[in-house]
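A look at the structure
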Amino acid sequence: MKVVILAGGSGTRAYPYTDYLPKPMMPVGGKPILLRVMNLYARQGYTEFVLSVGYRKEVILDYFEGRDFGWRIDIVDTGAATDTGGRIWGCRHLLGDTFMATYADGLSDVVLDDLLAFHHRSGRLGTITSVPLRSQYGTIEADESGIIRDFREKPVLQDYWINAGFFVMEKRIFEHWRGENLEREVFPNLLAGRYLGVYRHHGFFKSLDTYKDQQEIEAMFAAGNLPWIRNEVAA
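Reference entry: report on the structure contained in this document. (Residues numbered from 1 in each chain as written. Predicted model: local features only at pLDDT ≥ 70, side-chain atom pairs only at ≥ 80, totals over all residues. Heavy atoms only, no water.)

Topic: the nonpolar core
Of all hydrophobic cores here, the largest spans 39 residues; its most connected members are I5, L34, Y41, F49, L51 and F64. Secondary structure elements with two or more residues in this core: β1 (2-7), α1 (33-42), β4 (48-53), α2 (57-64) and α4 (112-122). When residues in this core are grouped by element, the largest group, eight residues, is from α1. Not counting the four nearest positions on each side in its chain, I5 is found in contact with L34, V37, M38, F49, V50, L51, S52, T102, Y103 and A104. Formed by 22 residues, the second largest nonpolar core is a distinct cluster that contains I88, L95, I128 and L196. (Core = buried A, V, L, I, M, F, W, Y, C linked by side-chain atoms within 4.5 Å. Buried < 20%, exposed > 50% of the residue type's maximum accessible area, 1.4 Å probe, protein only. Helix = DSSP H or I, 4+ residues; strand = E, 2+ residues; numbered from the N terminus. Contact = heavy atoms within 4.5 Å.)

If you want it as structure tokens, here you go:
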């Protein structure tokens, strides 16, 4: 089964790193986060990758040139300015009846076989992995009289669920694919046909959206708090 990884965006929120380095190549424990994401799939038996590249694609091409990870890796230039929906659309010719896709900057301990089984049971054309939102701020808990009872540091908000990537899709979804942006156009346009399902993941998820995120993930890695990230391949 092919795994499409969206690795072509400019990553403006991760400046200054992305002024010279595409965000998928930002380091986590001395290796690009893109490689960490690929390893999440590979260690669970999914080793056929389609990298949809664009911005600073030469950095990614140079990195994989001459390296043999024991995986099949196709790299498709989908354009520097192409949006997320267009990046998957531009790889459709390489995909089988069922395929996976995800972002190059999201780490998780999601069990992919469970995700795939859920997708097949649902009968939907697409399944989105969702995780509860972690607040970027600390919260205050107070009673009705205004007395503060507790402070909570960046709590998980269990009533709000976000798109974590780690998609499973049927190729037939392209018959209904409308728009360029995956999150604001393509997915919303699929709702009327009831083509999408959600897989709720209660485990770890962290995305590298900003330079601060990169520093936080590096700290987690250094502290040994990401035990499921293994150094199985040479960088």
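Concerning a nonpolar patch on the surface
On the surface, a nonpolar cluster with roughly 340 Å² of combined accessible area is contributed by I140, I148 and F151. Within the secondary structure, I148 is located in strand β10 (residues 148-152). What makes I148 partly exposed here is its relative accessible area of 44%. (Patch = residues over 30% accessible without salt bridge, like charges linked within 9 Å, V, L, I, M, F, W, Y side chains within 5 Å. Areas by Shrake-Rupley, 256 points an atom, 1.4 Å probe, with all protein chains shown as cover. Salt bridge = Lys/Arg side-chain N within 4 Å of Asp/Glu carboxyl O.)

A closer look at helix α5 (residues 182-190)
Among the residues of α5, L182, V186, F187 and L190 are the ones counted as buried. Projected down its long axis, α5 shows its buried positions confined to an angular sector of 85°, all on one face. For α5, the side-chain oxygen to backbone nitrogen distance between the N-cap and E183 is 3.0 Å, and the N-cap itself is N181. (Arc of directions from axis to C-beta. Polar contact = N/O pair within 3.5 Å; in protein donor to acceptor, adjacent residues only side chain to side chain.)

Overview of the packing of aromatic side chains
What the rule picks out here adds up to eleven aromatic pairs. Centre to centre, the rings of Y63 and F64 are 5.2 Å apart; their planes meet at 85°, and the pair counts as edge-to-face. A single burial state applies to Y63 and to F64, both of which are buried. Where F174 meets W177, the ring centres are 5.0 Å apart and the plane angle is 45°; that geometry is what we call tilted. You'll find F174 and W177 in the same group, each marked buried. Pairwise contacts between aromatic rings join F49, Y63, F64, F69 and W71 into one cluster. Note that R92 overlies the ring of W89, its terminal NZ or CZ placed 3.8 Å from the centroid. Sitting over the face of the ring of W161, R200 holds its NZ or CZ atom 4.7 Å from the ring centroid. (Phe/Tyr/Trp six-rings, centres within 6.5 Å; stacked < 30°, edge-to-face > 60°. Lys NZ or Arg CZ within 6 Å of the ring centre and 35° of its normal.)

With respect to the pairing of strand β9 (residues 139-142)
Here β9 runs beside β10; their pairing, made up of four bridges, is antiparallel. Counted as the bridge partner of I140 is F151 from β10. A loop of five residues connects β9 with β10, the two strands running antiparallel in sequence, and G146 in this loop sits at a positive phi of about 95°. (Pairing = 2+ DSSP bridges.)

As for the side chain of S130
Checked against the element boundaries, S130 lands in strand β8 (residues 126-134). Of the residues examined, S130 reaches a relative accessible area of 6% and is grouped as buried. Among the polar contacts made by the side chain of S130, one reaches the main-chain carbonyl oxygen of I162 at a distance of 2.8 Å. What S130 contacts, discounting residues up to four positions off in sequence, is W161, I162, A164, V198, Y199, R200 and H201.

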